[in-house]
Amino acid sequence: ARQRGIRVFIEFDSPAHSRSWGRAYDILTQCYSEEKPNNKLGPMDPSRNTTFEFLKNFFHEVAQIFPDRYIHLGADEVYFDCWESNPSITQFMRQMEFGTNYSLLEQYFMQTLINIVNATGKNYVVWQDIIDNNVTLQTDTVVEEPYPDEMARVTKLGYKTLLSSCWYLNLISYGDDWHKYYKCDPYNFTGTEEQKKLVMGGEACMWGEYVDSTNVISSTWPRAAAPAERLWSSVDTNDVIEAAPRLAEHRCRYLRRGIPAAPVNGPGYCPTEYSG
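Since we're looking at a predicted model, the values are computed, not measured.

Caption draft 1: Quick look at the state of the cysteines. Evaluated as defined, the whole model comprises three disulfides. Paired through a disulfide, Cys 252 and Cys 270 show a sulfur-sulfur distance of 2.0 Å. Residues Cys 252 and Cys 270 are joined through a disulfide that is left-handed, its torsion about the S-S bond being -85°. Taken together, the residues Cys 252 in helix H12 (residues 240-256) and Cys 270 in the segment after H12 connect sequence positions 18 residues apart. Cys 252 sits in the buried class, given a relative accessible area of 8%. Since its relative accessible area comes to 23%, Cys 270 is described here as partly exposed. The connectivity of the disulfides in the protein chain is 1-2, 3-4, 5-6, where the numbers refer to bonded cysteines in sequence order.

So this is what it looks like as structure tokens:
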């Protein structure tokens, strides 16, 4: 990727979406039912120093392996029910004077993690869920925003942002579904010019629940080229009629290079000789 001028920054989600981490390290919260462990695991446990000792060692290694200045820390879909059930977490909340506000516990976890990542010299990105939970973040935080109607809120708080929801490529629909990707504009929200300047761009997402090595490339390409042209072009470059032949031509380039890109405009034809 670097040889082609492409930056790669990695996402390691926490404290939720971390079940696989708990298979190897004892850092997840033990959930309780009726004051007894129920053999279920929740988000990472912020009440134990060993959790952060592991994360410090882990992200030190990550910073050495991935040269980009950004690391995506996730922080999405942190549900509090397991934390609420755990007596050690309850005791820690009392000790930290958090009361019953588990957003403060989430904020404590993320601030500690951010300090760890900052010590490596990296910047960071988080999902917008953490903003929904009223967690206060540092002003240099980049918030990835799935929903256009929340772009105004995030930028009003002063955070840089990325849009992603209109480019969820895993949601395949019949027909020319790339049209909706092409028409999505990350600046399409009510806000000041200063807020619009905080929009860094967007991300086309291919979530992995229903893809593997047999279909990930054909599901992603050339559909991902539609949001790419949208993000790399001027605001007034938004005509799908004009874009359709460009996308079809680009699909032919993929095929000639051995990339099994799927058709996007229905039946088509790629010339056998091509100099582009």
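Additional details are given in the paragraphs that follow.
Caption draft 2: Representation of the nonpolar core. Counting residues in hydrophobic clusters, the biggest one holds 28 residues, and the most contacted among them are Leu 55, Phe 59, Leu 73 and Val 126. At the level of secondary structure, the elements contributing two or more residues to this core comprise helix H2 (49-65), strand S4 (70-74), helix H5 (102-118), strand S5 (123-127) and helix H6 (129-132). In this structure, Leu 73 is in contact with Phe 12, Asp 13, Ser 14, Phe 59, Met 110, Leu 113, Ile 114, Val 117, Tyr 124, Val 125 and Val 126, ignoring residues within four places of it in sequence. Among the nonpolar cores identified, the runner-up in size contains 21 residues, and Met 151, Leu 169, Ala 226 and Tyr 254 belong to it.

Caption draft 3: Region of the structure containing the pairing of strand S2 (residues 28-33). Inspection of the sheet shows S2 paired to strand S3 (residues 36-44) by four bridges, in the antiparallel sense. Counted as the bridge partner of Leu 28 is Met 44 from S3.

Caption draft 4: Geometry of helix H11 (residues 225-232). Burial in H11 covers these residues: Ala 225, Ala 226, Pro 227, Ala 228 and Arg 230. Its buried side turned inward, H11 meets helix H8 (178-183) and H12.

Here is what the cut-offs are and how they apply
Residues numbered from 1 in each chain as written. Predicted model: local features only at pLDDT ≥ 70, side-chain atom pairs only at ≥ 80, totals over all residues. Heavy atoms only, no water. Disulfide = S-S within 2.5 Å. Helix = DSSP H or I, 4+ residues; strand = E, 2+ residues; numbered from the N terminus. Buried < 20%, exposed > 50% of the residue type's maximum accessible area, 1.4 Å probe, protein only. Core = buried A, V, L, I, M, F, W, Y, C linked by side-chain atoms within 4.5 Å. Contact = heavy atoms within 4.5 Å. Pairing = 2+ DSSP bridges.

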